[in-house]
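# Remarks on the overall topology
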Amino acid sequence: MEDVLDIYSLPYNPSRPVVCIDEQPYQLLGESREPLPMRPGDKEKKDSEYVRNGTCSIFMFCEPLAGWRHTSVRQHRTALDWAEEVKALVDTYPDAEKIVLVMDNLNTHTWASLYKRFEPQEAKGIKDRLEIHYTPKHGSWLDMAEIELNAMTRQCLKRRIGDIKILKSEISAWEKDRNNANSKIKWQFKTDDARTKLTSLYPKMTIF
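The shown structure was predicted, so the numbers you read here are calculated from the model rather than taken from an experiment.

## Re the pairing of strand β4 (residues 99-103)
Each regular strand shows side chains that alternate between the opposite faces of the sheet. Burial of β4 is extensive: five of the five residues sit out of reach of the surface. Residues Ile-99, Leu-101 and Met-103 line one face of β4 and the alternating positions Val-100 and Val-102 line the opposite face, and both faces are buried. By the bridge criterion, five bridges tie β4 to strand β5 (residues 130-134) in an arrangement that is parallel. Of the residues in β5, the one forming a bridge with Val-100 is Glu-131.

As structure tokens, then:
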């Protein structure tokens, strides 16, 4: 926890951008009947019954201090999907010395995933561009990409979307609008705050 909090306290450095990543499953839901359109003084009406069109996974990358985020929709969230998304991230920062990546400790979030997807030389090249910091177990709230996912859900996904192409288009529009607004996350919780407010998480010292 303190490791991640110390990363968040660093000043903005374009040579070492701090980027957070998180993933969210999404269920595609279609309409079983055509909704009744809005009329003067009345809202659109939808049938409570819906059609399940499968699931997908939304990847979220965000650089909080730069007010930048990028979303990607995939059919799955396997090790290969993660590896391809991380490579795309590295390609986004060609001039960065290192990309400081904060994420949760899923079994797919490992260097091995890069080697499963890419040839060893390319996998190591991607690895050498990254500095990974994991949030602790049961500490996903420390990942600022989760804040962006929550904002996206509230602002864009609180409705039925039944097709993955439509989902990609809607999320892309949301991303563009939020990036144009340069929406940043102002993280307030510091290491000293953790030591004061989360004392139960720290081991008890025994003095002999």
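## Focus: the environment of Lys-184
Mapped onto the elements of the fold, Lys-184 is located in the loop between α6 (164-180) and α7 (191-197). Looking at Lys-184, the relative accessible area reads 47%, which means it is partly exposed. Distance in space between the C-alpha atoms of Lys-184 and His-138 is 25 Å, their sequence separation being 46 residues. When neighbours within four sequence positions are excluded, Lys-184 is seen to be in contact with Pro-64, Leu-65, Ala-66 and Gly-67.

## Brief notes about the side chain of Thr-191
By secondary structure assignment, the location of Thr-191 is in helix α7. Judged by its relative accessible area of 11%, Thr-191 is buried. There is a polar contact of 2.9 Å between the side chain of Thr-191 and the side chain of Asp-6. Once you skip the residues sitting within four places of it in the chain, Thr-191 turns out to touch Glu-2, Leu-5 and Asp-6.

## Examining helix α5 (residues 145-156)
In this model α5 runs 16 Å from its N-terminal to its C-terminal C-alpha over twelve residues, within 8% of the 16 Å that 1.5 Å per residue would give. Within the span of α5, buried status applies to Ala-145, Glu-148, Leu-149, Ala-151, Met-152 and Cys-156. Looking down the long axis of α5, one finds its buried residues gathered within 160° of arc, a one-sided arrangement.

## Some remarks on the nonpolar core
Membership of the largest hydrophobic core comes to 32 residues, with the highest contact counts inside it found for Tyr-8, Tyr-26, Ile-58, Met-152, Leu-157 and Leu-167. Breaking this core down by element, the ones donating at least two residues are α1 (2-8), β1 (18-31), β2 (50-63), β4, α5 and α6. Looking at this core element by element, the count peaks at five residues for α5. Counting residues in each nonpolar core, the second largest holds 20 residues, with Val-86, Leu-101, Met-103 and Leu-130 among its members.

Calculation notes
- Residues numbered from 1 in each chain as written.
- Predicted model: local features only at pLDDT ≥ 70, side-chain atom pairs only at ≥ 80, totals over all residues.
- Heavy atoms only, no water.
- Buried < 20%, exposed > 50% of the residue type's maximum accessible area, 1.4 Å probe, protein only.
- Helix = DSSP H or I, 4+ residues; strand = E, 2+ residues; numbered from the N terminus.
- Pairing = 2+ DSSP bridges.
- Contact = heavy atoms within 4.5 Å.
- Polar contact = N/O pair within 3.5 Å; in protein donor to acceptor, adjacent residues only side chain to side chain.
- Expected span 1.5 Å × (residues − 1).
- Arc of directions from axis to C-beta.
- Core = buried A, V, L, I, M, F, W, Y, C linked by side-chain atoms within 4.5 Å.

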